[in-house]
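Here's the letter readout for the chains.
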Amino acid sequence: MIMEAIRRFIDAEELMSILALPEKYRNHKLEVIVIPSEEKPYEEKSGKSEILKSLLGAIPNTNLSLEELRNERLSKYEIND
């Protein structure tokens, strides 16, 4: 069985807007590798899995790019002294 992997290089800031990463990664280029687990494929029996339920709504379904969404969130939570 051949395992497929996806490999991408991405700016840390883009990834940090959707995934908690250590601050020391800021201003770095990161390599992201996605590979399937060795477990058997998940068969959904009734409704969505708990993991999927926890992710729903985490990123709103908009036509904004990831950068535009990040900037919107940063300005929303910006502290003005």
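As a reminder, the structure under discussion sits directly above these lines.
It should be emphasised that the depicted structure is a prediction, and the values quoted were computed from it without experimental measurement. Just so you know, the residues in each chain are numbered from 1, in the order the chain's sequence is written. Owing to the predicted nature of the model, reporting of local features is limited to residues with pLDDT of at least 70; listing and counting of side-chain atom pairs is limited to 80 or more, with chain, interface and lining totals taken over all residues. With hydrogens and water set aside, each side-chain value is computed from the structure's full complement of heavy atoms.

**Quick word on the overall build of the chain**
By the criteria applied, helices consist of DSSP H or I runs no shorter than four residues and strands consist of E runs no shorter than two, each listed in order from the N terminus. Across its full length, the chain holds 3 helices and 2 strands. Reading the chain from its N terminus to its C terminus gives the helix and strand order β-α-β-α-α. Across the chain, the fraction of contacts at a sequence separation of at least 24, relative to all contacts at a separation of at least 6, is 43%. Surface exposure here means Shrake-Rupley accessible area, sampled with a 1.4 Å probe, where a residue is shielded only by the protein chains that are shown. Accessible surface, the chain as shown: approximately 7,900 Å² in total, 54% of it carbon and sulfur. Contacts between residues were defined by any pair of non-hydrogen atoms, one from each residue, lying within 4.5 Å.

**Here we look at the pairing of strand S1 (residues 6–11)**
For S1, the buried fraction is low: 0 of the 6 residues fall into the buried class. A pair of strands is treated as paired once DSSP finds two or more bridges between them. Bridging between S1 and strand S2 (residues 29–34) involves 6 bridges; their strand directions are antiparallel. Each residue of the ladder has a partner; that of Ile6, found in S2, is Val34. A simple rule labels every residue: compare its accessible area, found with a 1.4 Å probe on the protein chains alone, to the largest value its type can have, and call it buried under 20%, exposed over 50%, or partly exposed in between.

**Details of the pattern of salt bridges**
Any carboxyl oxygen of Asp or Glu that lies within 4 Å of a side-chain nitrogen of Lys or Arg is treated as forming a salt bridge with it. All told, the structure shown has 3 salt bridges when counted by the stated rule. Between Arg7 and Glu31 there is a salt bridge, and its shortest N-O distance comes to 2.4 Å. Highlighted residues: Arg7 in strand S1 and Glu31 in strand S2, separated in sequence by 24 residues. Residue classification places Arg7 among the exposed residues on the basis of a relative accessible area of 51%. The class of Glu31 is partly exposed, set by a relative accessible area of 40%.

**Topic: the side chain of Glu13**
Looking at where Glu13 falls in the secondary structure, it is placed in helix H1 (residues 12–16). Buried within the structure, Glu13 lacks any salt-bridge partner; its nearest side chain of opposite charge belongs to Arg26, at an N-O separation of 4.4 Å. Beyond its immediate stretch of four places on either side in the chain, Glu13 contacts Arg26, Asn27 and Arg70. Charge assignment in this entry is limited to Lys and Arg as positive and Asp and Glu as negative, and neither His nor the chain termini are counted.

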